[in-house]
Amino acid sequence: MSLNILILGATSGIAQAVGRRYTREQASFFLVARDQVKLDMVAADLRGRGALAVHTFAADALDYAALDTMCATAWNALQTVDVALIAHGTLPDQDRTQVDLDYAIHEFRANGESAIAAMGLMARRFEEQGRGVLAVIGSVAGDRGRGSNYLYGAAKAALDAYASGLRARMFKAGVHVLTIKPGFVATPMTANLDLPARLTAQPERVAEDIVRAVARRKDVLYTPGFWRLIMTVIKLVPNAIFKRSNL
Ligand SMILES: NC(=O)c1ccc[n+]([C@@H]2O[C@H](COP(=O)([O-])OP(=O)(O)OC[C@H]3O[C@@H](n4cnc5c(N)ncnc54)[C@H](OP(=O)(O)O)[C@@H]3O)[C@@H](O)[C@H]2O)c1
């Protein structure tokens, strides 16, 4: 059976790995990103790997009118969407968010509000078709606000809560909602960070986990899986200790 896959933020490191992974199955793609040149490169790569069809659509995730048009175009092109993945995001400069309110709000919108807008728009289409999986990439950072990146964490927490409620609504319509919570992943987003090698996954590993979680209709995926344990412990640390730590 072939799969129809819609990816928003299709040029992201993780999304590209997911796309490549799906070419092992019979898959058609509708790829959305804001940079048409990068989109064309990703589309050519997937075609070269045997994708049945690849459509592209250039849109900024913060342009909600464009997202609405994108959904109409995607459903028109694919007819049915089996899997939608919302994968765009930025890693804000936390120090700058503390002194530049416009920047902070923009980054909150880029990581939280725009993903919520996309989920809301796609949910209506999924509800009409009565099946499919709507997957969104949050982050372990959304599980607890940390002093070093709480603007990003707050946006991902908003997305997490929205996806949880949407999951309950969509379940009754036969549609599945998956929240993906990666830990550290080696992508352009983290290329300038000094991440601990043992805790940093390759995007291919994360993509494998995502494809499996979609197939198994998992509700929440921590990827790699050991992050579930790490975040359980981090959430248990009392505030009196947490606020003094550099966790
Ligand atoms: N890497 C990690 O350690 C990590 C950990 C946890 C969660 N995540 C999440 O995983 C997802 C994928 O990230 P990644 O690691 O694969 O990062 P990435 O390679 O840096 O990709 C980020 C993507 O988001 C796109 N984007 C940013 N703002 C956008 C906007 N307003 N409209 C449309 N596209 C926009 C970028 O497009 P351009 O190329 O046009 O800039 C880029 O394709 C993100 O949601 C991220 O928060 C990543």
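Since the model is a prediction, treat every value here as computed from it, not as a measurement.

Caption draft 1: Main features of the site of the ligand. Taken together, 26 residues lie near the ligand, and Ser12, Ala61, Gly89, Thr187 and Met189 sit nearest. Partitioned by chemical class, the residues of the shell around the ligand number twelve nonpolar, ten polar and four charged.

Caption draft 2: Spatial organisation of the sheet that holds strand S6 (residues 176–182). If you walk across this open sheet you meet the seven strands as S3-S2-S1-S4-S5-S6-S9, and the pairing is parallel. A single partner strand is all that each edge strand has here, and the edge strands are strand S3 (53–58) and strand S9 (220–223). Adjacent strand axes in the sheet meet at a mean angle of 15°, parallel and antiparallel pairs treated alike. Looking at chain direction, strand S2 (residues 27–33) and S3 are connected through six bridges and run parallel. Within the sheet, the bridge partner assigned to phenylalanine 30 lies in S3 and is histidine 55. Across the sheet, helix H3 (residues 64–78) lies against strand S1 (3–8), S2 and S3, angled at about 165° from S2, the strand it touches most.

Caption draft 3: Up close: the pairing of S6. Taking burial as the measure, the seven residues of S6 include seven buried ones, the bulk of the element. Alternating residues of S6 divide into His176, Leu178, Ile180 and Pro182 and Val177, Thr179 and Lys181, and every residue in both groups is buried. Bridge count between strand S5 (residues 133–137) and S6: five bridges; the pairing is parallel. In the strand pairing of S6, alanine 135 is matched with leucine 178. For the handedness criterion, the β-α-β arrangement of S5, helix H6 (residues 150–171) and S6 is classed as right-handed. Pairing geometry for S6 and S9, over four bridges, is parallel. Across the sheet, the residue bridging to lysine 181 is tyrosine 222, located in S9.

Caption draft 4: Representation of the pairing of strand S4 (residues 83–86) within the structure. What you see with S4 is no split at all: Val83 and Leu85 on one side and Ala84 and Ile86 on the other are buried throughout. Strand direction decides the pairing type here: S1 and S4, joined by four bridges, are parallel. Bridge pairing in S4 places isoleucine 7 opposite leucine 85. Pairing geometry for S4 and S5, over four bridges, is parallel. The residue bridging alanine 84 from the neighbouring strand is leucine 134, located in S5.

Caption draft 5: Unusual backbone geometry, seen in detail. For the bond running from threonine 223 to proline 224, omega is -10°, close enough to zero to count as cis. Summarising the element assignment, proline 224 is placed in the loop between S9 and helix H8 (226–236). The phi angle at glutamine 79 is positive, at roughly 70°, despite the residue not being glycine. Here glutamine 79 is to be found in the loop between H3 and S4.

Caption draft 6: Structural view of the nonpolar core. Grouped together as the largest cluster of nonpolar side chains are 66 residues, with contacts concentrated most on Ile7, Leu31, Ile86, Met119, Leu134, Ala135 and Val136. Counting residues per element, this core draws most heavily on H6, at eight residues. Not counting chain neighbours up to four residues away, the residues in contact with isoleucine 7 comprise Ala15, Gly19, Phe29, Leu31, Val32, Leu85 and Ala87.

Caption draft 7: Fine view of the packing of helix H1 (residues 13–22) against helix H7 (residues 203–215). Put simply, H1 and H7 touch, their axes get as near as 8 Å, and they point 60° apart. As far as their axial angle goes, H7 and H1 are oblique. Of the two elements, H1 crosses H7, and the hand of that crossing is right-handed. Facing H1, whose interface residues are Gly13, Ile14, Ala17, Val18, Arg21 and Tyr22, H7 presents Pro203, Glu204, Val206, Ala207, Glu208, Ile210 and Val211. Tallied by class, the residues present in the contact of H1 with H7 amount to nine nonpolar, one polar and three charged.

Rules and cut-offs
- Residues numbered from 1 in each chain as written.
- Predicted model: local features only at pLDDT ≥ 70, side-chain atom pairs only at ≥ 80, totals over all residues.
- Near = placed C-beta within 6 Å.
- Nonpolar A, V, L, I, M, F, W, Y, C, P; charged D, E, K, R; others polar.
- Pairing = 2+ DSSP bridges.
- Helix = DSSP H or I, 4+ residues; strand = E, 2+ residues; numbered from the N terminus.
- Axes fitted to C-alpha atoms, helices over the stretch in contact; angles between N-to-C directions.
- Contact = placed C-beta atoms within 7 Å.
- Buried ≥ 20, exposed ≤ 12 C-beta atoms within 10 Å, placed from the backbone.
- Right-handed = clockwise from strand over helix to strand, strands pointing away.
- Core = buried A, V, L, I, M, F, W, Y, C linked by C-beta atoms within 7 Å.
- Parallel < 35°, antiparallel > 145°, perpendicular 65-115°, else oblique.
- Left-handed = near helix turned anticlockwise from the far one by under 90°.

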